[in-house]
Amino acid sequence: MRTSDRDWIARGMWAEGLVAALATLSVAWPLTDLLREETWLAPAVTMVLLIALGGAVLRSLDTPPTLVALGQLALGLSGLIVLYLRDTLWRGVLPTRETLELVGALLAQAGTVLQTYAAPAPTTQGVSFLVVAVLTLTAVSVDSMGVTGRAPASAGIPLVAGFLVSVSNTGQAMEPWYFAAVLVAWLLMLAQQGQRLTLSWPSADRRESRGGGDVSEGPRGYRGLAQAVGALALITAVLGAAFLPHLPPTFFGDGLARNPDARDVDAEAGEVSFTETMDPGQDLRNQSQAPVLTYRASGVTTHPLRVTATERYEGGEWVAPERLSSALLPQGASLPAPPGLGEGVPVGESQFEVLTNELEPPHLAAPSLLTSLQVQGASYRYDPEDATVVLQGQASRYVASFLSLDAGGELPAGVGEQPATAADFDEDLLAVDEVSQEQVAALADEVVGGEDNALRTAILIQEHLRSDGDYEYSLELAPAAEAGTDDPIGGFLETRQGYCVQFATAMVMMARHEGIPARMAVGFLPGSPQQDGTRQVIASDAHTWPELWIEGLGWTRFEPTPGVRAGTPPAYARSTEEGDAGPSTQTIPQELTPTAEPTAAPAPADPTLLDRLGDLLPTVLRALVALLVLALLATILPLAGRRHRQSGVRSATTAAERIEGEWQLLTRSLGDLGIDTPPERSPRVMHRHYLRGTTMEHSGDEALGRATATLERSRYAAPGTLTEEQATRMGEDVRTVVDEVRHTSPWNQRVNAVLIPRSGVEGVRERVGRLLRR
């Protein structure tokens, strides 16, 4: 390789740029567990490599550091536009209003996904755009600090920030290779910088000051010590991450912990969240007394507080629904009327006011059949598909109006007579679990017989599951059900012992077998009355129940779970054999007698990282605006500093004036690096001042000596004595001195000289003063 090629590569710091790119990509590695599809991976790798190559080329061309960073940022923005926004460009070149609107739409879509889905979340176009944009900005930050700014230690800041966000995934001990990949890449960046500094140190010229020994002995010793310390830190961190007791991740909203036991250290405290995924084959005991919310409701009728509903049952568990942002109604839109509710059905409207709320977003608990909602402290969207409110932030208080189907009076004739049409419903609403299908079918046929009215069919199934002596409510699954984890529904129907999830799931499957669309609702029991007239809901009040589609009523709640706390079924869901002459108002006594076997439900899971990141989107957008303002300032000051430092050279008309301008460039450049400007004395005195205040190699000392000698001749020799060639050599010596001093300056001084140069402040002040004088 030719010497010129080696110099070109050395100036560009190509190897350092490649390692910085690998460090950025290693930060993104944990995202493969957080996102379902990897469609973001190829664009992310492309953008990170583009930033690294662009920075290397610009550095090879001796571009100033500030312009290198701005060039990389411009490359990143251009790449994002080409990848995601090119269809909105005017003539394929200039951004338009549609470009900004599409950016907003993509970020809104990403926010909805982050608020709604549990990990692994679907990688929509918006999520991919957000992930790639963040990684692009991280790549620019890491390369600017660690490579262009020659401060790899500071590059650890954006690396650690990105790593802590993406690594929180399952609530289990962190996989050691995630941490090891980032640490190894960062240590390589430090090693490259250390080797560069070590090889640049002279030996022969410094033996005297070091006591006669070759200076190379010292650096090798310190380098060996640093390598040993780094290796020891790596081994300790990896082993510690794998074997030390692991607490749930708490960075940015407790991570993506889905383990119901993740916070059982103190069941009396901590935030309360909710999981939409329920496993009927798992014991979901939850005796936490942590408060969820306190509320008031009009009238004496009390209702369960619904949070969400799901229709998908896969692999022995209920799966959280998938919500598309396009299907959600924005806040401010009128809530749609309850679907399927026919004319003549006796309903009454009630008020519901929440005074304190600890339920984590995106979940909101309220009675079914909402007609209006006002939320304080957060915005929300509404999913009309399953009548679920999706919060976009923590709601401190909220007020709702809702309809009650059990307000008294007779149901109109014909309710439940017309069978549901399968084509009108999603196939999941009629799907029976394949594993337990035979047992479900046999029991349903036995219980229902020849009944063809959907409402009476549902009541028969409910009464069977609530019948005394046949089924036992228990927080503990029978051993046979625990053993049959592959068939939790069949295990429950065999042992007839379980809790609310088992009872509700069995009724859903039996109803589907009879052709009735059914889904699982998740929420809380009404809670306990307080002395001030309010009701308090705690975590152990979590509950599940089935919702069935009944023609004339729409989605209708049933209560197959026996027990005092679950209450009696709604009036419309009770047969006359139970002593009711017909539908009437259901009331639950104000005083409830606790039992040894309260209805339990899924233990509240820790709030997910995806949930909380969605809440942070407004903050992220404000931060991006602030970063753009800072980037503008970081552009103005360096450019003003460069102009101020070179002002004497630009205005020079003679060789003597140019030499004075080059000396001014030297003093102002060294001032940016923290070297005090010498008093206006003789050039020899100023030479001694800079020798005492700087550390340079021998070539730098010689260049400083030549520069001061040239300045002395220019000031004291006869006019016209110095030539343009001497002025050019003066400029070369000045650049050598500045480069040598910069090379040996601490990293923080180098960063200040690039981003906030003293000469830039002086230049702006001088420019503003000139404008004011005018």
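Quick note: structure is the one above.
It should be emphasised that the depicted structure is a prediction, and the values quoted were computed from it without experimental measurement.

About the criteria used
Residues numbered from 1 in each chain as written. Predicted model: local features only at pLDDT ≥ 70, side-chain atom pairs only at ≥ 80, totals over all residues. Heavy atoms only, no water. 1 Å grid on protein atoms, 1.4 Å probe; cavity = no way out; pocket = protein on both sides within 12 Å on 5 of 7 lines; lining within 4 Å. Points joined across faces, edges and corners; volume = space filled by probe spheres on them. Helix = DSSP H or I, 4+ residues; strand = E, 2+ residues; numbered from the N terminus. Nonpolar A, V, L, I, M, F, W, Y, C, P; charged D, E, K, R; others polar. Axes fitted to C-alpha atoms, helices over the stretch in contact; angles between N-to-C directions. Parallel < 35°, antiparallel > 145°, perpendicular 65-115°, else oblique. Left-handed = near helix turned anticlockwise from the far one by under 90°. Contact = heavy atoms within 4.5 Å. Phe/Tyr/Trp six-rings, centres within 6.5 Å; stacked < 30°, edge-to-face > 60°. Buried < 20%, exposed > 50% of the residue type's maximum accessible area, 1.4 Å probe, protein only. Core = buried A, V, L, I, M, F, W, Y, C linked by side-chain atoms within 4.5 Å. Pairing = 2+ DSSP bridges.

Draft legend 1. Summary view of the layout of surface pockets. Roughly 1500 Å³ of internal volume is contained in the second largest pocket. For the second largest pocket, the lining is made up of 41 residues, of which Asp62, Pro64, Pro65, Asp739 and Arg742 are closest to its centre. Sorting the residues of the lining of the second largest pocket by element identifies α1 (3-12), α5 (65-85), α7 (125-148), α9 (176-200), α17 (617-645), α19 (655-672), α22 (724-744) and α23 (747-755) as the ones contributing at least two each. Ranked by residue count, the leading element in the lining of the second largest pocket is α22, at 9 residues. Tallied by class, the residues present in the lining of the second largest pocket amount to 16 nonpolar, 9 polar and 16 charged.

Draft legend 2. Representation of the packing of helix α4 (residues 41-60) against α5 in the model. Where α4 meets α5, the axes come as close as 9 Å, and the angle between the chain directions of the two elements is 150°. It follows from the interaxial angle that α4 and α5 lie roughly antiparallel. Like other packed secondary-structure pairs, α4 and α5 cross with a definite hand, here right-handed. Of α5, the residues touching α4 (which contributes Pro43, Met47, Leu50, Ile51, Gly54, Gly55, Leu58 and Arg59) are Leu67, Val68, Gly71, Gln72, Leu75, Gly76, Gly79, Leu80, Leu83 and Tyr84. Tallied by class, residues from the contact of α4 with α5 come to 11 nonpolar, 6 polar and 1 charged.

Draft legend 3. Main features of the packing of aromatic side chains. Summed over the entire model, instances satisfying the criterion amount to 12 aromatic pairs. Seen in terms of ring centroids, tyrosine 471 and phenylalanine 492 are 5.8 Å apart; in terms of plane orientation they differ by 35°. Their pairing is tilted. Placement of the pair is tyrosine 471 in the loop between α12 (454-466) and β11 (472-473) and phenylalanine 492 in helix α14 (residues 488-495), with a sequence separation of 21 residues. With a relative accessible area of 7%, tyrosine 471 lands in the buried category. With a relative accessible area of 2%, phenylalanine 492 lands in the buried category.

Draft legend 4. Structural view of the nonpolar core. Counting residues in hydrophobic clusters, the biggest one holds 43 residues, and the most contacted among them are Leu493, Leu548, Ile550 and Phe558. Listed by contribution, the elements that provide at least two residues to this core are α11 (437-448), α12, α14, α15 (500-513), β13 (518-524) and β16 (542-550). The element best represented in this core is α15, accounting for 10 residues. The contacts of leucine 548, once residues within four sequence positions are left out, are Ala458, Met507, Ala511, Ile516, Pro517, Ala518, Gly554, Trp555, Thr556 and Phe558. Counting residues in each nonpolar core, the second largest holds 28 residues, with Leu293, Leu364, Tyr380 and Phe524 among its members.

Draft legend 5. Looking closely at the sheet that holds strand β9 (residues 388-392). One open sheet holds the 3 strands; their spatial order is β5-β8-β9, and the pairing between them is antiparallel. The sheet is open, and its two borders are formed by β5 (329-330) and β9, each paired with just one other strand. Where strand β8 (residues 379-383) and β9 come together, 5 bridges link them in antiparallel fashion. Counterpart to serine 379 in the pairing with β9 is glutamine 392.

Draft legend 6. Examining unusual backbone geometry more closely. The linkage connecting proline 361 with the following residue, proline 362, adopts the cis geometry, with an omega of 15°. Note on placement: proline 362 falls in the loop between β6 (348-357) and β7 (370-376). Unusually for a residue other than glycine, aspartate 62 sits at a positive phi of about 60°. By secondary structure assignment, the location of aspartate 62 is in the loop between α4 and α5. Judged by relative accessible area, aspartate 62 falls into the exposed class, the value being 57%. Non-glycine residue leucine 369 carries a positive phi angle of around 60°.

Draft legend 7. Region of interest: the environment of glutamate 322. Here glutamate 322 lies in the loop between β4 (317-319) and β5. Glutamate 322 sits in the partly exposed class, given a relative accessible area of 44%. Expressed as a C-alpha distance, the spacing of glutamate 322 and alanine 121, which sit 201 residues apart in the sequence, is 9.4 Å.

Draft legend 8. The arrangement of the pairing of strand β10 (residues 397-404) in detail. Extensive coverage of β10 is indicated by the burial of 6 of its 8 residues. Two strands pair when backbone bridges link them, and β6 and β10 are joined in this way by 7 bridges, in the antiparallel orientation. In the strand pairing of β10, glycine 348 is matched with serine 404. Sheet topology places β7 next to β10; 6 bridges connect them, and they run antiparallel. The residue bridging leucine 370 from the neighbouring strand is phenylalanine 402, located in β10.

Draft legend 9. Representation of the packing of α19 against helix α21 (residues 698-716) within the structure. Remark: α19 packs on α21, axes separated minimally by 10 Å, with the N-to-C direction vectors making an angle of 140°. What the angle tells us is that α19 and α21 run oblique. Helix-helix and strand crossings are classified by hand; for α19 and α21 the assignment is left-handed. In this structure, α19 uses Ala656, Ile659, Glu660, Trp663 and Leu666 to contact α21, whose residues at the interface are Leu704, Thr708, Thr710, Leu711, Ser714 and Arg715.

Draft legend 10. Broad picture of the environment of serine 26. Note on placement: serine 26 falls in helix α2 (residues 14-28). A sequence separation of 155 residues divides serine 26 from alanine 181, and the C-alpha atoms of the two residues are 5.8 Å apart. Apart from residues no more than four positions distant in its own chain, serine 26 is found in contact with Ala181, Val182 and Ala185.

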